[in-house]
Amino acid sequence: MFSIPHLDLPALTAAGGTVRLPGSKSISNRVLLLAGLSEGTTDVHDLLDSDDTAVMLRALEQLGCGLQQRRHDGQEVLEVRGVGGQLRTAQAALLLGNAGTAMRPLTAALAVLTTLQGGEFELSGVPRMHERPIGDLVDALRQLGCQVDELGQPGYPPLRLRGVAGGALNLAAPVRVRGNVSSQFLTALLLALPLAARSQAVVIEVEGELISKPYIDITLALLQRFGVKVQREGWQRFTIPAGSAYQSPARIHVEGDASSASYFVALGAIAAVDQPIRIEGVGASSIQGDIRFVEAAQAMGADVQAGPNWLSVRRGAWPLRAVELNCNHIPDAAMTLAVMALYAKGTTRLSNIGSWRVKETDRIAAMATELRKVGAQVAEGPDWIAVTPPPPQAWQLASVHTYDDHRMAMCLSLAAFNPLAGAQPAVGVRIEDPRCVGKTFPDYFEALFGLSRARLQDIPVITIDGPSSSGKGTLAARVAAALGWQHLDSGVLYRAVGLAAKARSLLPDDAAQPLNETAQAQVAGEAAALDIRFEGDRVWIDGQDQSEAVRHEAAGALASRVSAVPAVRAALHQRQLDFRALPGLVADGRDMGTVVFPDAALKVFLTADAATRAERRYKQLISNGISANIESLQLDLEARDLRDRSRTMAPLKPAEDAVMFDNSGTSIEESVQQVLQWWAHRRA
Ligand code: C5P
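What you are looking at is a predicted structure, and each value in this text was computed from that prediction instead of being measured. (Residues numbered from 1 in each chain as written. Predicted model: local features only at pLDDT ≥ 70, side-chain atom pairs only at ≥ 80, totals over all residues. Heavy atoms only, no water.)

This paragraph deals with the overall build of the protein. A tally of helices and strands in the protein yields 22 helices and 35 strands. A principal-axis box enclosing the C-alpha atoms of the protein has dimensions of 95 × 55 × 45 Å. Within the span of the protein, comprising 684 residues, buried residues form 56% of the whole. Sequence separation of 24 or more characterises 77% of the internal contacts of the protein that already satisfy a separation of 6 or more. Once the 66 positive and 73 negative side-chain charges of the protein are each reduced to a mean point, those two points are 3 Å apart. (Helix = DSSP H or I, 4+ residues; strand = E, 2+ residues; numbered from the N terminus. Buried < 20%, exposed > 50% of the residue type's maximum accessible area, 1.4 Å probe, protein only. Contact = heavy atoms within 4.5 Å. Lys, Arg positive; Asp, Glu negative; His and termini not counted. Charge placed at Lys NZ, Arg CZ, Asp CG, Glu CD.)

Listed below in structure tokens is the structure:
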């Protein structure tokens with residue numbers, strides 16, 4: 001996941017391939033709570049790993065549930081040991097972030113349990129959570145006789161729940177709850193009240209129209225998995241039969257997130273021109289209401305095929321068709337339609353979306369503001385939004401504010417496909433605070449980049465060349481991490497070839513002796529066939545972890561010998577070009593700016609005096625547990641520099657347009673900031 005202030009998406013031109021969805025947020029948090037309240041142990045498979053589930057897990061742990069992660073058939077399984085409807089702790093302060101799916105049901109469950117069993121619990125969240133209404137749920141809990149104190153504004157968290165052991169709930173009359181602000185209030189009661197239904201039935205009545213009904217379906221389906229069969233009369237009256245009690249199903253799978261699927265369905269409809277987008281994890285048999293987003297996308301032109309737990313999407317009608325749609329049944333996924341509207345002919349109007357205003361942010365206002373930034377015309381009302389796409393000349397390079405709302409970030413990323421709408425000129429999109437996607441889809445951008453294509457010249461490259469131990473490897477890795485870009489350490493490729501050549505005895509014993517023609521051809525053959533894989537800072541050669549070996553001095557010396565062979569350099573050329581991938585590349589080496597990426601947007605030539613370099617190298621080797629001698633290191637570095645500088649092919653020298661940077665007296669942090677500053681200037 002990116003931990004960076006913003007992420008720049010270049011203009012994107014096409015998409016295709018397969019994405020596996022993370023688990024559904026709504027199902028994950030319901031399952032966790034149900035497993036936590038149940039009698040018995042539940043193995044939860046395919047749980048979403050996100051900010052909102054982390055919040056729920058922490059709360060369950062505080063409440064005395066046993067949680068254990070283990071691997072089963074190569075998959076992560078979470079084992080949840082439930083409390084069997086009994087409070088194991090009398091007091092806790094639960095911090096629930098901005099997770100509505102944790103705040104509402106935990107409030108209801110703990111209110112019911114403290115009333116019956118005694119205890120005192122405080123539930124709070126981030127400032128935005130304290131602006132999200134919960135008054136209707138508090139009213140319903142008070143009717144039941146629960147003691148709920150609002151610690152801030154009336155009707156909003158934070159809340160305190162209190163009770164003394166041996167209390168009782170007023171269950172004689174139906175509990176009444178309003179259904180038109182958030183369906184999560186009803187879900188919360190449905191999840192909590194089976195805890196009070198051992199000896200008598202509990203009836204819940206909904207006042208007014210119930211919004212987001214499909215989420216209630218998810219709740220009812222999951223209650224049934226945990227042994228509670230609710231009787232539903234229309235959407236007005238729900239009866240939890242007497243004798244209900246939670247019982248673990250022993251094992252449960254979490255479906256992929258249907259709301260998250262919407263971005264990839266949209267991606268297919270907009271950009272899957274020659275290859276479909278295949279989405280794995282949800283499909284026709286999903287219990288999530290947002291799966292019906294597929295119908296809306298089809299109405300706009302998407303060509304969709306569906307299996308039980310997969311979807312395959314291609315572009316159908318193009319441009320997309322504008323629609324007028326009541327979106328009450330797909331409140332979250334409907335946001336994606338607002339962005340698909342950028343690619344439609346005419347005005348798309350989405351109505352009955354009032355609940356957008358009380359989500360992670362006021363999503364109607366946020367969507368209107370950000371879509372206008374990219375050039376669209378947007379009109380909005382209390383519970384509707386209408387979007388007209390920009391004409392080709394009106395697309396704007398935008399810095400999209402994301403309001404700590406995962407869906408804003410994911411939705412607006414799709415604006416980067418403006419070349420497909422004929423944008424003149426094509427523009428990139430800056431996503432501010434991209435890590436907010438961690439709420440439901442921590443690897444969203446990696447998934448998007450894995451499926452998307454851009455014109456090569458639109459994928460920016462920063463090169464950092466320089467002599468051995470100038471610090472370029474560390475600097476490049478840090479700059480890449482700060483930007484959320486790919487990193488190519490080209491020295492490792494030469495080092496790997498050196499090791500392979502040595503292992504096959506292709507190099508003369510005397511290091512000073514040049515390679516004859518046959519040896520040159522053989523080493524070049526090794527370079528062409530090199531089986532090398534990078535995984536973070538690990539390096540795999542021929543399927544073996546060689547991370548330590550490649551960083552050894554000996555490998556550096558071997559690299560320096562094989563890198564002087566023109567055919568080796570030629571064999572590695574295309575491989576290095578292949579690292580130029582979305583959203584950008586930082587490449588370090590000797591000839592990145594001069595030979596491999598001569599069109600790089602920023603070229604840095606990094607130097608440091610020989611003594612500083614020898615000292616850095618020394619520290620690096622010692623800290624890796626490799627013994628070294630500082631004098632011989634300095635001699636070695638100087639010899640290597642001389643060889644790299646004096647070779648005829650791709651000698652070590654700064655590119656003409658490189659920025660010279662002597663970092664002898666500069667800390668790594670300052671060096672990173674310096675390069676980022678140069679990059680910010682270049683972009684501006
Ligand atoms: O940078 P590093 O020390 O890992 O590089 C090892 C050797 O590989 C260098 O001394 C140089 O001879 C060679 N090399 C190269 N061109 C690159 C990167 C490394 O010739 N782009």
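As a further point, take the site of the ligand. Around the ligand sit 16 residues, and of these S490, R495, R569, D591 and D644 come closest. S563 places a side-chain nitrogen or oxygen 3.0 Å from an oxygen atom of the ligand. At 2.8 Å from an oxygen atom of the ligand is found a side-chain nitrogen or oxygen belonging to D644. For the ligand, whose free accessible area comes to 450 Å², the fraction covered by protein is 96%. Sorting the residues of the shell around the ligand by element identifies α14 (490-503), α17 (553-562) and α21 (630-646) as the ones contributing at least two each. When residues in the shell around the ligand are grouped by element, the largest group, four residues, is from α14. Its residues assigned to classes, the shell around the ligand shows three nonpolar, five polar and eight charged. (Near = heavy atom within 4 Å. Polar contact = N/O pair within 3.5 Å; in protein donor to acceptor, adjacent residues only side chain to side chain. Areas by Shrake-Rupley, 256 points an atom, 1.4 Å probe, with all protein chains shown as cover. Nonpolar A, V, L, I, M, F, W, Y, C, P; charged D, E, K, R; others polar.)

Here we come to the layout of surface pockets. Any space left empty among the atoms is revealed by the rolling of a water-sized probe across them. Taken as a whole, the second largest pocket holds about 790 Å³ of empty space. Along its surface, the second largest pocket is lined by 33 residues, and L21, P22, G23, D46 and L47 are the ones closest to its centre. Breaking the lining of the second largest pocket down by element, the ones donating at least two residues are β4 (41-45), α2 (51-62), β5 (66-72) and β6 (75-81). The dominant element in the lining of the second largest pocket, judged by the number of residues it contributes, is β6, at four residues. Mapping the lining of the second largest pocket onto the domain boundaries places at least three of its residues in each of domain 1 (6-21 + 255-455) and domain 2 (25-253). (1 Å grid on protein atoms, 1.4 Å probe; cavity = no way out; pocket = protein on both sides within 12 Å on 5 of 7 lines; lining within 4 Å. Points joined across faces, edges and corners; volume = space filled by probe spheres on them. Domains from an automatic or database assignment.)

Reading across the sheet, the four strands line up as β7-β8-β10-β9 and stay open at both edges, with mixed pairing between neighbours. Looking at strand neighbours, the two that pair on one side only are β7 (91-95) and β9 (147-150), the edges of this open sheet. Averaged over neighbouring strand pairs, the angle between their axes works out to 15° when direction is ignored. Inspection of the sheet shows β7 paired to strand β8 (residues 119-124) by five bridges, in the parallel sense. Note that in β8 the partner of A93 across the bridge is E122. Where helix α3 (residues 100-117) meets the sheet, it contacts β7, β8, β9 and β10 (159-163), and its direction lies at approximately 170° from that of β8. (Pairing = 2+ DSSP bridges. Axes fitted to C-alpha atoms, helices over the stretch in contact; angles between N-to-C directions.)

Moving on, we get to helix α1 (residues 25-37). With 13 residues, α1 extends 18 Å from end C-alpha to end C-alpha; this agrees with the ideal 18 Å at 1.5 Å per step. For α1, the tally of buried residues reaches 13 of 13 residues, placing the bulk of the element in the interior. The N-cap residue of α1 is S24: its side-chain oxygen and the backbone nitrogen of S26 are 3.2 Å apart. (Expected span 1.5 Å × (residues − 1).)

A few words now on the environment of L577. Tracing the backbone through its elements, the reader meets L577 in helix α18 (residues 566-577). The partly exposed category is assigned to L577, whose relative accessible area is 27%. Considered as a pair, L577 and D465 are 112 residues apart in the sequence and their alpha carbons are 16 Å apart. Apart from residues no more than four positions distant in its own chain, L577 is found in contact with V596 and F597.

Contact geometry of helix α7 (residues 258-271) with helix α11 (residues 406-413) gives a least axis separation of 9 Å together with a crossing angle of 20°. The orientation of α7 relative to α11 falls into the category roughly parallel. As for how α7 packs across α11, the hand of that crossing is right-handed. Residues S259, S260 and Y263 of α7 lie in contact with α11, whose contacting residues are R407, M410 and C411. A per-class count over the contact of α7 with α11 returns three nonpolar, two polar and one charged. (Parallel < 35°, antiparallel > 145°, perpendicular 65-115°, else oblique. Left-handed = near helix turned anticlockwise from the far one by under 90°.)

Once that is clear, we can look at the domain arrangement of the protein. Think of interface size as the accessible area that goes away when the parts come together; that is how it is often given. Taken domain by domain, the protein comprises domain 1 (6-21 + 255-455), domain 2 (25-253) and domain 3 (457-683). The straight-line distance from the C-alpha centre of domain 1 to that of domain 3 is 40 Å. Residue-level contacts link eleven residues of domain 1 with eight residues of domain 3. Taken together, the two surfaces of domain 1 and domain 3 that pack against each other cover about 930 Å², and 56% of this comes from carbon and sulfur. We note a salt bridge from D458 to R455, for which the minimum N-O separation is 3.0 Å. Counting every contact that joins domain 1 to domain 3 gives three residue pairs in polar contact (both at pLDDT 80 or more). Its residues placed into classes, the side of domain 1 that touches domain 3 shows six nonpolar, one polar and four charged. (Buried area = accessible area lost by both parts, 1.4 Å probe. Salt bridge = Lys/Arg side-chain N within 4 Å of Asp/Glu carboxyl O.)

Counted under the stated rule, the structure contains six cavities of 30 Å³ or more. Taken as a whole, the largest cavity spans an internal volume of roughly 270 Å³. In this structure, the largest cavity is lined by 24 residues; those nearest its centre are R132, S182, Q184, D332 and K359. Looking at the lining of the largest cavity, the elements with two or more residues in it are α1, α3 and α11.

Turning our attention to the packing of aromatic side chains. Enumeration over the complete set of coordinates arrives at eleven aromatic pairs. Summarising the aromatic geometry, the rings of F264 and Y444 are spaced 5.7 Å apart at their centres and angled 55° between planes, so their arrangement reads as tilted. Of the two residues, F264 is situated in helix α7 and Y444 in helix α12 (residues 444-451); the sequence distance between them amounts to 180 residues. For F264, a relative accessible area of 0% corresponds to the buried category. Linked through ring pairs, Y263, F264, F441, Y444, F445 and F449 together constitute an aromatic cluster. Over the face of the ring belonging to W235 we find R232, whose NZ or CZ atom lies 4.0 Å from the ring centre. (Phe/Tyr/Trp six-rings, centres within 6.5 Å; stacked < 30°, edge-to-face > 60°. Lys NZ or Arg CZ within 6 Å of the ring centre and 35° of its normal.)

Our focus in this paragraph is the sheet that holds strand β31 (residues 538-541). Here three strands make up an open sheet; going across it, the order is β30-β31-β32 and the pairing antiparallel. Each edge of the open sheet is held by one strand with a lone partner, namely β30 (532-535) and β32 (544-545). Packing against the sheet, α14 makes contact with β30 and β31, and its axis sits at approximately 140° to β30.

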